[in-house]
Amino acid sequence: MGGETPFADLDPDRILDAVESLGLHSDGRVLALNSYENRVYRIGMEQGPARVAKFYRPGRWTDEAIGEEHAFSAELKAADLSVVAPLEIQGRTLHHFQGHRFALFELRGGHAPEPGNRDVLTHLGRVLGRLHAVGASGRFTHRGVIGIESHGEDPVHYLLENRWLPPDLEGNFERLAEALFDAMDACYERAGESTVLRLHGDCHPGNILWRDEQAHFVDLDDCLSGPAVQDLWMLAGRREDSREPWRWLLEGYETFRAFDRRELHLVESLRTLRLLHHNAWIARRWHDPAFPVAFPWFEAPRHWESVITQMQEQLAALQEPPPDPD
């Protein structure tokens, strides 16, 4: 559970020095923005609007993988999608300074959309249909593919091998995980072979800025390959009240791209993978001082009891029919 502390030397002076190494002139104002995986700051400029500087977590992505994220953002922007893409400065979007890698972005305002609103969901569906049309036109070679092994089995093994669960819950956790893997395998079989395309990857309302009745997508840091439904299910809400949200999303989506209804068999599998992956993500980052502060409940037995309960609920959900938007 140990490891080197990332960003330990990333103080305000170094942040400003990094930005000014690109020939820009800051007014000295640095404001930390909400981010755990990376470090993100609002930087005041002597002339012109403030910029956002994102410093990438050391060791997480290769330069090539970050380059694919930036190139995908540029493709989406060229297709007239509102995506907050990294700025090209001195002919590059990814910059290096004293052991850190960073990129600069325009500062955009807005708030998370209201997923229960028909007009909002129809609009989001249209935008995602266009985004996936671009995503299907190329492929990633340096970024991952979402699946049971990478987002389910590996996280479970990590949590067990590093003794994150209270001893009296380990056996139950392991048995439930194996049952979930079997149930997810069955869901993938029912879905059949899905088309794999480039995705936003982490398309929840918090990664969408809603302004002037338009969606502006931010943070493609988790972009990866997978089925189209991965970018849709987090916007549709829980299964018990998701029929209309799914109908509205797909009404917009299919204006620009056909959606294979068989992928709806994957919704609860993807929800389960997110649960497992999220807990392992926190565990893997525990040596970062920001994580114990942000997730103080993570080591408490009550949290892991809650995880067990969620796994049981997901095991039941995986046995049920998929959402029916029609």
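Quantities reported herein were computed from a predicted structural model and do not represent experimental measurements. Each chain carries its own residue numbering, running from 1 in the direction its sequence is written. In keeping with the model being predicted, local features are shown solely for residues with a pLDDT of at least 70 and side-chain atom pairs are shown and tallied solely at 80 or more, while totals for entire chains, interfaces and linings include all residues. Think of the side-chain values as coming from all heavy atoms in the structure, minus any hydrogens and water.

The way it works is that DSSP assigns letters per residue, a run of H or I at least four long becomes a helix, a run of E at least two long becomes a strand, and they are numbered from the N terminus. A count of helical and extended segments in the chain gives nine helices and nine strands. In terms of overall size, the chain behaves like a compact globule, its C-alpha atoms giving a radius of gyration of 21 Å where 326 residues would be expected to give roughly 20 Å. Taken along its principal axes, the extent of the C-alpha atoms in the chain is 60 × 50 × 35 Å. For each residue, the accessible area found with a 1.4 Å probe, counting protein chains only, is set against the maximum for its type, and the residue is called buried under 20%, exposed over 50%, and partly exposed in between. Per-residue burial over the chain gives 51% buried out of 326 residues. The size measure is the radius of gyration over C-alpha atoms, and the globule rule it meets is 2.2 Å times the number of residues to the 0.38 power.

Our focus in this paragraph is the side chain of His-216. Turning to its location among the elements, His-216 is positioned in strand β8 (residues 214-217). Exposure remark for His-216: the relative accessible area of 9% places this residue in the buried category. Separated by 2.4 Å, the side chains of His-216 and Ser-82 make a polar contact. In what follows, residue pairs with any heavy atoms lying within 4.5 Å of each other are defined as contacts. Residues contacting His-216, with those up to four places away along its chain left out, are Ser-82, Arg-108, Asn-207, Ile-208, Leu-209 and Arg-211. The term polar contact refers here to a pair of N or O atoms within 3.5 Å; inside protein, the definition further demands a hydrogen-donor-capable atom paired with an acceptor-capable atom, and it admits residues adjacent in sequence only when both atoms are side-chain atoms.

The subject of this paragraph is the pattern of salt bridges. Any Lys or Arg side-chain nitrogen located within 4 Å of an Asp or Glu carboxyl oxygen qualifies as a salt bridge. Enumeration over the complete set of coordinates arrives at 23 salt bridges. Close ionic contact of Asp-221 with Arg-60 constitutes a salt bridge, the shortest N to O distance being 2.4 Å. With Asp-221 in the loop between β8 and β9 (224-226) and Arg-60 in the loop between β3 (51-55) and α2 (63-78), this pair connects stretches of sequence that are 161 residues apart. Classification of Asp-221 as buried rests on a relative accessible area of 2%.

With that settled, the discussion passes to the pairing of strand β7 (residues 208-211). Pairing of β7 with β8, which is carried by four bridges, proceeds in the antiparallel orientation. By the bridge assignment, Leu-209 is partnered in β8 with His-216. Counted along the chain from β7 to the antiparallel partner β8, the turn is two residues long, and its residue Asp-212 has a positive phi close to 55 degrees. A pair of strands is considered paired only if DSSP assigns at least 2 bridges between the two.

The residue Asn-207 is located in the loop between β6 (197-199) and β7 in this model. Judged by relative accessible area, which is 7%, Asn-207 ranks as buried. A distance of 2.9 Å separates the side chain of Asn-207 from the backbone oxygen of Asp-202, its partner in a polar contact. With sequence-adjacent residues up to four places away left out, Asn-207 is seen in contact with His-200, Asp-202, His-216, Phe-217, Val-218 and Asp-219.

Moving on, we get to the pairing of strand β5 (residues 100-106). For a regular strand, side-chain orientation follows a simple rule: the groups alternate between the two sheet faces. Among the seven residues in β5, six count as buried, and that is most of the element. In this structure, β3 lies alongside β5, joined through five bridges in antiparallel fashion. If you follow Val-52 over to β5, its bridge partner there is Phe-105. With three bridges joining them, strand β4 (residues 95-97) and β5 adopt antiparallel strand pairing. From the neighbouring strand, His-96 faces β5, where its bridge partner is Arg-101. Hairpin connection, β4 to β5: the antiparallel pair is bridged by two residues, and Gln-98 has positive phi, about 45 degrees.

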